[in-house]
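Summary of structural features
Residue-level listing of the chains:
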Amino acid sequence: MLSRKNKLILLKLLSLFSVVRGYNILIIVLAQYLTSIFILAPHIKLRNVILDPNLFVIVLATSGVIAAGYIINNFYDREKDLINRPQKTMLDRLVSQRTKLTVYFVLNFLSVVCASYVSFRAVVFFSLYIFGIWFYSHKLKKFPIIGNIVASLLAITPFFAVFIYYKNFDEVIFVHATFLFLILVVREMVKDLGNLRGDIAQDYKTLPVVYGELISKRIVSILLLISCFPVYLLLTRYEIGYMYLYFYICIFLFFAFLFGLWRSKGRIHYVWLHNILKTIIVLGTLSIILIDITLVLDRVM
């Protein structure tokens, strides 16, 4: 049996894991490696990509910055989250604000130190990334559309880190990135729809607060339909192996999403819609391997 003190420590660790959304970071780490293996550096042996110390440091620094970003976002949103997500907020509050800020600064410092192992440009890149996350959490997220776009750009920045490292400028990479960016923008707008009560209470000028739910739903629908264009390009113009199966699934989920969007009337419905988009993103990460399954076997040798 664990003592009361050990139980409290365990709960605080669980709370911190909840604040930094460790499960999201694991997905990003996996996505960075799979993107490097199958899209950015398909010509390099699998072992050399996985064991590349520079790539490992880039992924490590990215994870630290993102974890710190979740902490500062949680710090600024604590009152709003108390309204929108009271149960999660109670868990998050097991760790004091002072401790969170300490961890925030430590993670950012260690991430920049790690980046210095790669190059001075990496230090500049991650320093700007840290500033961008802070500025978004402190100011930009309170504004309609701009906040959604910046949040989505920050979400795909980890892929730009490995993209710059491998210096691969193939057109197909930008098409993949455009699809992901549009899905992320839609996800951010759906989150705003679900957080409407808290945003109004805290005077956040998000899209639903300023323009209403009806206009927000129309914009979300248009963006989702626009995201079908990069899907069409990927299915017809580029060699993506068995990943075409993923995009057919996406089309089905798009229709399910739009049907649910226009029938949604409360937070619980928007949570389900948000989960559909998360499913699309996670499946997209896992399906990268379908671009060329034989590539793994050939490059192990």
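Throughout what follows, the structure given in this document is the object of discussion. (Residues numbered from 1 in each chain as written. Predicted model: local features only at pLDDT ≥ 70, side-chain atom pairs only at ≥ 80, totals over all residues. Heavy atoms only, no water.)

**What about the nonpolar core?**
Counting residues in each nonpolar core, the largest one holds 79 residues, and the members touching the most others are Phe-179, Phe-257 and Ile-280. When residues in this core are grouped by element, the largest group, twelve residues, is from helix α4 (residues 53-76). Residues contacting Ile-280, with those up to four places away along its chain left out, are Phe-179, Ile-183, Tyr-246, Cys-250, Leu-253 and Phe-254. (Core = buried A, V, L, I, M, F, W, Y, C linked by side-chain atoms within 4.5 Å. Buried < 20%, exposed > 50% of the residue type's maximum accessible area, 1.4 Å probe, protein only. Helix = DSSP H or I, 4+ residues; strand = E, 2+ residues; numbered from the N terminus. Contact = heavy atoms within 4.5 Å.)

**Overview of helix α8 (residues 120-138)**
In a regular helix each residue adds 1.5 Å, so 19 residues correspond to 27 Å; α8 covers 27 Å between its end C-alpha atoms and thus fits that length. If you check which residues of α8 are buried, you get Ala-122, Val-123, Phe-126, Tyr-129, Ile-130, Gly-132, Ile-133, Tyr-136 and Ser-137. Summarising the contacts, the buried residues of α8 are in contact with α4, α7 (97-118), α9 (146-166) and α10 (171-194). (Expected span 1.5 Å × (residues − 1).)

**A closer look at the layout of surface pockets**
Its volume calculated, the second largest pocket comes out at about 240 Å³. Lining the second largest pocket, in full, are Ile-58, Val-118, Ser-119, Arg-121, Ala-122, Phe-125, Phe-126, Ala-161, Ile-164, Tyr-165 and Lys-167. Looking at the lining of the second largest pocket, the elements with two or more residues in it are α8 and α9. Looking at the lining of the second largest pocket, the element that brings in the most residues is α8, giving four residues. For the lining of the second largest pocket, the per-class residue count stands at eight nonpolar, one polar and two charged. (1 Å grid on protein atoms, 1.4 Å probe; cavity = no way out; pocket = protein on both sides within 12 Å on 5 of 7 lines; lining within 4 Å. Points joined across faces, edges and corners; volume = space filled by probe spheres on them. Nonpolar A, V, L, I, M, F, W, Y, C, P; charged D, E, K, R; others polar.)

**A closer look at the pattern of salt bridges**
Applying the stated criterion to the full structure yields three salt bridges. Across the pair Arg-237 and Glu-171 runs a salt bridge whose closest N-O atoms are separated by 3.7 Å. Taken together, the residues span a long stretch of sequence, with Arg-237 in the loop between α13 (228-236) and α14 (244-263) and Glu-171 in helix α10 at a distance of 66 residues. Under the relative-accessibility criterion, Arg-237 is labelled exposed at 55%. (Salt bridge = Lys/Arg side-chain N within 4 Å of Asp/Glu carboxyl O.)

**Topic: the packing of aromatic side chains**
Following the criterion strictly, the structure yields 15 aromatic pairs and no others. With 5.1 Å between their ring centres and 70 degrees between their planes, Tyr-104 and Phe-105 make a pair best called edge-to-face. Assessed through its relative accessible area of 7%, Tyr-104 is described here as buried. A centroid spacing of 5.8 Å and a plane angle of 10 degrees characterise the contact between Phe-131 and Phe-135, whose relative ring orientation is stacked. Of this pair, Phe-131 and Phe-135 both sit in helix α8, four residues apart, which is roughly one turn of the helix. Among the aromatic residues, those joined into a cluster by ring pairs are Phe-179, Tyr-246, Phe-247 and Phe-254. (Phe/Tyr/Trp six-rings, centres within 6.5 Å; stacked < 30°, edge-to-face > 60°.)

**Concerning the packing of α14 against helix α15 (residues 267-287)**
Across the interface, α14 lies against α15 with an axial gap of 10 Å and an inter-helix angle of 175 degrees. On the basis of the axis angle, α14 is roughly antiparallel to α15. Listed contacts from α15 to Tyr-246, Cys-250, Leu-253, Phe-254, Phe-257, Gly-260 and Leu-261 of α14 are Tyr-270, Leu-273, Ile-276, Leu-277, Ile-280, Leu-283, Gly-284 and Ser-287. Of the residues that constitute the contact of α14 with α15, the class distribution is twelve nonpolar, three polar and no charged. (Axes fitted to C-alpha atoms, helices over the stretch in contact; angles between N-to-C directions. Parallel < 35°, antiparallel > 145°, perpendicular 65-115°, else oblique.)

Read these as layout, nothing more, since geometry by itself doesn't imply function.
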